[in-house]
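Residues per chain are reported as follows:
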Amino acid sequence: MQRLPAFAAPAALLAVLLAATPARAAVPEPAVDAAARSVNAQVVAWRRDFHQHPELSNREFRTSQKVAEHLKSLGLEVRTGIAHTGVVAILRGGRPGPTIALRADMDALPVTEQVDLPFKSVATAEYRGEKVGVMHACGHDAHTAILMGVAEALVSLRKDLPGTVLFVFQPAEEGAPDGERGGASLMLEEGLFEIAKPEAVFGLHVGSALNAGTIGYRSGPFMAASDRYSINVQGRQSHGAWPWKGVDPIVVSSQIVLGMQTIVSRQLDITRYPAVLSVGAIKGGIRNNIIPDKVEMVGTFRTFDPAVRQQIIERMTRTAEDIAHASGATAKVEIADDNNPVVVNDPALTQRMLPTLERVAGAGRVVEMPYVTGAEDFAFYGQNVPALFFFVGVTPAGVDPAQAPSNHSPLFYLDESGLDLGVRALLGVAVDYLQGTPR
Ligand SMILES: [Zn+2]
Ligand SMILES: [Zn+2]
């Protein structure tokens, strides 16, 4: 070790001391905690109201109106109608500082609620030509209410708050209806980050996989990229009694389904990144004694790395085409162009905000999660700016999260204490980032 000259020691010591002293917070922690507490009851009430009045993707008319009314009542600059029903508001703090974005999604799912609550949803809507029940089975009602509460809390701290906050209330996270576009990618295309360019974006999701009181995160790739695909197998129709007079696309499709099972299990290095390849539907034929001329399969695959995604596309195409070719049929593989990218948590940002999450949740209550094979269109924001996305547990204490009905289940249940933690987490992350603490 190199010895410092004697005169340098005090200066070096001073530098160490200065670095260890956090920047003096303009908004002290007790004020932040008090602001969170003051919106708590309202957040619960808003969430129950949204829960009772869920709306499908790109149809969040009532929800976005309630959101916009609230944001206007806070005196914020509000824009509506972005990506159909999106609402964006800007809060300018009383002091100079960075710009951040906080995002919530607003849409519900075509699921008929089976949870017995006083504010249970009995809403219905038309979806793909059918009448369906509508339910906030993914908990986006909670996200919307939490961000409304965070907006109110930040407005109450505005005078001493450095920087600017862009509140993003996003429609259609679950996917736009057939033939429509929507969600995060459309908000970005319509100029979301031209309203104010954030240097970091934050979002959360309530989840059944964690008990209430717990926050889950993962640095780097976190939630999967999701792709839809279709495979059309073309054979030649014949009588079921004389299969040799045709080319049977049902047998070929069966072989393709089995052949594709070896892509993840035999052909990918799953020690680096996991992957999932599923067939969700097979359609072909009409009658017991007619071999049809074609079969259509559709499915999804989930990846955590662009190179693995490309490998799956190439291997799936090769497998389907070559198996079909071996039987004298043809197979056409198509990958839909509406894929969700990987949700990547910026490692430096994640590291920086962890102490905040640990402070609001309490010691030992912030857990590193495994890869999540579900997808989130929050990923698109992360492609533009460093992002942090985390889960807030909502499975009641004493219930095993592995046994709890998952998000999207008609039995999905949210312990409302998760709302309070969600507010404190998002608010804490926002305030700490803006004023440069912790470092
Ligand atoms: Zn969902
Ligand atoms: Zn969701």
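A. Spotlight on the overall build of the protein. Assigned secondary structure in the protein consists of 11 helices and 18 strands. Taken over the C-alpha atoms alone, the protein extends approximately 95 × 65 × 45 Å along its principal axes. Expressed as a percentage of the 439 residues in the protein, the buried residues total 52%. Of the contacts formed within the protein by residues at least 6 apart in sequence, a portion of 82% connects residues at least 24 apart.

B. Spotlight on the side chain of Arg103. Secondary-structure assignment places Arg103 in strand β3 (residues 95–105). Judged by its relative accessible area of 3%, Arg103 falls in the buried class. Here Glu376 takes part through its side chain, which lies 2.9 Å from a polar atom of the side chain of Arg103. Of note is the side chain of Arg103, whose polar atom sits 2.8 Å from the side chain of Asp377. Apart from residues lying up to four places away in sequence, Arg103 is in contact with Leu147, Val168, Gln170, Glu173, Phe202, Gly203, Glu376, Asp377, Phe378, Tyr381 and Phe389.

C. A look at the coordination of the zinc ion (ligand 2). Every protein donor of the zinc ion (ligand 2) is listed here as Cys138 (SG), His140 (NE2) and His205 (NE2), and their distances to the metal cover 2.1 to 2.5 Å. Between consecutive donor residues of the zinc ion (ligand 2), the sequence gaps follow C-x1-H-x64-H. Here the zinc ion (ligand 2) and the zinc ion (ligand 1) are spaced 3.1 Å apart, and both take Cys138 as a donor. Assigned by exposure class, Cys138 and His140 land together as buried.

D. A look at helix α3 (residues 61–73). Its 13 residues place the ends of α3 18 Å apart at the C-alpha level, agreeing with the 18 Å of an ideal helix rising 1.5 Å per residue. Within α3, the full set of buried residues consists of Thr63, Ser64, Val67, Ala68, His70 and Leu71. What you see down the axis of α3 is that its buried residues fit within an arc of 165 degrees, all on one side. In α3, the exposed positions that point more than 90 degrees away from the buried face belong to Phe61, Lys72 and Ser73. For α3, the secondary structure elements touched by its buried residues are α2 (29–52), β1 (77–82), β2 (86–92), α4 (140–156) and β6 (162–170). Phi for Gly75, located one or two positions after α3, is positive at around 85 degrees.

E. Summary view of unusual backbone geometry. Residue Asn58 is not a glycine yet carries a positive backbone phi of 65 degrees. Position of Asn58 among the secondary structure elements: in the loop between α2 and α3. By relative accessible area, Asn58 is classed as buried at 2%. If you check the backbone angles, Arg128 has positive phi at about 50 degrees while not being a glycine. In this structure, Arg128 sits in the loop between β4 (124–127) and β5 (130–133).

F. Here's a closer look at the sheet that holds β6. Within the open sheet, the eight strands sit side by side as β1-β2-β6-β3-β7-β18-β8-β17. Their pairing is mixed. Looking at strand neighbours, the two that pair on one side only are β1 and β17 (366–368), the edges of this open sheet. Taken over all neighbouring pairs, the strand axes of this sheet differ in orientation by 25 degrees on average, direction set aside. The pairing of β3 with β6 spans eight bridges and is parallel.

G. Representation of the nonpolar core in the model. Formed by 75 residues in total, the largest nonpolar core has its most connected members in Leu102, Leu154, Phe167, Phe169, Phe202 and Phe390. Broken down by element, the residue count for this core peaks at 11 residues, all from helix α11 (residues 417–434). Beyond its immediate stretch of four places on either side in the chain, Phe169 contacts Val67, Leu71, Gly86, Val87, Ala104, Met106, Thr144, Leu147, Met148 and Met187.

H. Region of interest: the coordination of the zinc ion (ligand 1). Donor atoms from the polypeptide that bind the zinc ion (ligand 1) are Cys138 (SG), Glu174 (OE) and His408 (NE2), placed at 2.0 to 2.3 Å. Expressed as a motif, the donor residue spacing for the zinc ion (ligand 1) is C-x35-E-x233-H. Residue classification places Glu174 among the partly exposed residues on the basis of a relative accessible area of 25%.

Criteria and cut-off values
- Each chain carries its own residue numbering, running from 1 in the direction its sequence is written.
- Whichever chain is written first is A, and whichever ligand is written first is 1; the rest continue in order.
- With the structure being a predicted model, the display of local features is reserved for residues of pLDDT at least 70 and the display and counting of side-chain atom pairs for 80 or more, all residues being used for whole-chain, interface and lining totals.
- Side-chain figures throughout are based on the complete set of non-hydrogen atoms in the structure, without hydrogens or water.
- Numbering of helices and strands runs from the N terminus; a helix is a DSSP stretch of H or I covering at least four residues, while a strand is a stretch of E covering at least two.
- Working definition: with a 1.4 Å probe on protein chains only, accessible area under 20% of the residue-type maximum means buried, over 50% means exposed, and in between means partly exposed.
- By definition, residues are in contact when any of their heavy atoms lie within 4.5 Å.
- Think of a polar contact as two N or O atoms within 3.5 Å of one another; within protein, one of them needs to be a possible hydrogen donor and the other a possible acceptor, and neighboring residues in sequence only count if both atoms come from side chains.
- Each metal site lists N, O and S donors within 2.8 Å (3.2 Å for Na, K and Ca). With water left out of the atoms, a site can look as if it is missing ligands.
- Each residue after the first adds 1.5 Å to the expected span of a helix.
- Relevant arc is that of directions from the helix axis to the C-beta atoms, nothing else.
- Two strands qualify as a pair provided DSSP detects at least 2 bridges between them.
- For helices, the fitted line uses only the C-alpha atoms of the stretch in contact; every axis is such a line through C-alpha atoms, and the angle between N-to-C directions lies from 0 to 180 degrees.
- Think of a nonpolar core as a cluster: buried Ala, Val, Leu, Ile, Met, Phe, Trp, Tyr and Cys residues, connected wherever their side-chain atoms sit within 4.5 Å.

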